Amino acid sequence: MTAEQPTTPGTPAPSGLRERKKQRTRDALLRAALELFTTQGYERTTVDEIVDAVDVSQRTFFRYFTSKEEVAFAVQQMVERHFVTALRARPAHEAPLEALRNAVLSAWDTIGEAIMEVVPIELYLRTFQVIESTPALLAVHLRRSIEMEENIARLIADREGLDVDADPRPRVAVAAFSGVMRITGQLWGRGEDPSLEAIRALTEAYLDHLGPALATHWRDAPSREGAPARKRPHGE
């Protein structure tokens, strides 16, 4: 293995070139790790195997990542940051659920190129499946989801001029939205179409049901597909 060569004192490399080199090294480590996680399993993969695949040292690996766990969630973290940025950019006149819906659809419209600069979309999908099927990673995923929901609820509360600890609506709305996102992510992961277009379409379809599902009585209202209303139980 070969470690990155230090810059000669007094003759620093151009910052742009240095940053591009660092980014290439980080991306190579990320791709190698995700390929190993998805082919032989997260638990069975060692840091030594990851650095061997890129021909760098363990010291180099730990310059970019604190652990295997951080690598496993690196792309997901990028997607989450992209969504939060899109949500912050939504106009103030949009209602909370409308802003969440438009932000996530906008994020899926624009995140593809950023993901593909790092890993293939297909590898991102396989990594998502590894996270869902690895108990240690699933536990971390659930913890991160709870933290993300709280951050988004506070962002929504700020948009609406509310105290998130006094008014339950931001947390309720975000909990409903997050539930939809979990369902669509799981369906996408189990589906046959690994494209971002597929998850965007699933997300849009399920979010379009969120308002009616919460605002109407299911016994009286037909579904969006036109299914007949459910019969009332005897005695009602």
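Just above, that's the structure.
Residues numbered from 1 in each chain as written. Predicted model: local features only at pLDDT ≥ 70, side-chain atom pairs only at ≥ 80, totals over all residues. Heavy atoms only, no water.

Caption draft 1: Layout of the overall build of the chain. Scanning the chain for helices and strands turns up 10 helices and zero strands. Counting helices and strands in the order they occur from the N terminus, the chain gives α-α-α-α-α-α-α-α-α-α. In the chain, buried positions account for 39% of the 236 residues. A fraction of 62% describes how many contacts in the chain between residues 6 or more apart in sequence connect residues 24 or more apart. Approximately 13700 Å² of the chain is accessible, and the part contributed by carbon and sulfur atoms is 55%. (Helix = DSSP H or I, 4+ residues; strand = E, 2+ residues; numbered from the N terminus. Buried < 20%, exposed > 50% of the residue type's maximum accessible area, 1.4 Å probe, protein only. Contact = heavy atoms within 4.5 Å. Areas by Shrake-Rupley, 256 points an atom, 1.4 Å probe, with all protein chains shown as cover.)

Caption draft 2: Molecular detail of the nonpolar core. Counting 62 residues, the largest nonpolar core has Leu 29, Leu 30, Phe 83, Leu 87, Ile 115 and Val 119 as the members making the most contacts within it. The element that contributes the greatest number of residues to this core is helix 6 (residues 96-116), accounting for nine residues. In this structure, Leu 30 is in contact with Phe 65, Val 71, Ala 74, Val 75, Val 118 and Val 119, ignoring residues within four places of it in sequence. (Core = buried A, V, L, I, M, F, W, Y, C linked by side-chain atoms within 4.5 Å.)

Caption draft 3: Structural view of unusual backbone geometry. Backbone geometry places Asp 55, a non-glycine residue, at a positive phi of 65°. Turning to its location among the elements, Asp 55 is positioned in the loop between helix 2 (47-54) and helix 3 (58-64). Asp 55 gets classed as partly exposed once you look at its relative accessible area, which sits at 39%.

Caption draft 4: Spotlight on the packing of aromatic side chains. Counted by the stated rule, this structure contains five aromatic pairs. Arranged with centres 5.8 Å apart and planes meeting at 15°, the rings of Phe 83 and Phe 177 form a pair that is stacked. Taken together, the residues span a long stretch of sequence, with Phe 83 in helix 5 (residues 74-88) and Phe 177 in helix 9 (residues 169-190) at a distance of 94 residues. For Phe 83, a relative accessible area of 8% gives the class buried. Aromatic pair Tyr 124 and Trp 188: ring centres 5.9 Å apart, planes at 50°, arrangement tilted. Here the residue Tyr 124 occupies a position in helix 7 (residues 121-133), and Trp 188 occupies one in helix 9, the gap between them amounting to 64 residues. Here Tyr 124 falls in the buried class, since its relative accessible area comes to 6%. (Phe/Tyr/Trp six-rings, centres within 6.5 Å; stacked < 30°, edge-to-face > 60°.)

Caption draft 5: Region of interest: the layout of surface pockets. When its volume is computed, the largest pocket comes out at roughly 540 Å³. Forming the boundary of the largest pocket are 27 residues, of which Gln 76, Glu 80, His 141, Met 181 and Arg 182 lie nearest the centre. Every element with two or more residues in the lining of the largest pocket is listed here: helix 5, helix 6, helix 7, helix 8 (135-160) and helix 9. The class makeup of the residues in the lining of the largest pocket is 15 nonpolar, seven polar and five charged. (1 Å grid on protein atoms, 1.4 Å probe; cavity = no way out; pocket = protein on both sides within 12 Å on 5 of 7 lines; lining within 4 Å. Points joined across faces, edges and corners; volume = space filled by probe spheres on them. Nonpolar A, V, L, I, M, F, W, Y, C, P; charged D, E, K, R; others polar.)

Caption draft 6: Spotlight on helix 5. Taking 1.5 Å of rise per residue, 15 residues should cover 21 Å, and helix 5 covers 21 Å from first to last C-alpha, within 8% of that figure. Regarding helix 5, the residues found buried are Ala 74, Val 75, Gln 76, Met 78, Val 79, Glu 80, Phe 83, Val 84, Ala 86 and Leu 87. (Expected span 1.5 Å × (residues − 1).)

Caption draft 7: Quick look at the side chain of Ser 145. By the secondary structure assignment, Ser 145 is in helix 8. There is a polar contact of 2.8 Å between the side chain of Ser 145 and the backbone oxygen of His 141. (Polar contact = N/O pair within 3.5 Å; in protein donor to acceptor, adjacent residues only side chain to side chain.)

Caption draft 8: Just empty space enclosed by the protein, in detail. Across all of its chains, the model carries one cavity of 30 Å³ or more by this definition. Considering only enclosed or pocket space, the largest cavity measures out at about 70 Å³ in volume. As for the largest cavity, its lining consists of Leu 34, Ala 72, Phe 73, Val 75, Gln 76, Tyr 124, Thr 127, Phe 128, Ile 131 and His 141. Of all the elements in the fold, those that place two or more residues in the lining of the largest cavity are helix 5 and helix 7. Per-element tally for the lining of the largest cavity: the top contributor is helix 7, with four residues. The class makeup of the residues in the lining of the largest cavity is seven nonpolar, three polar and no charged.

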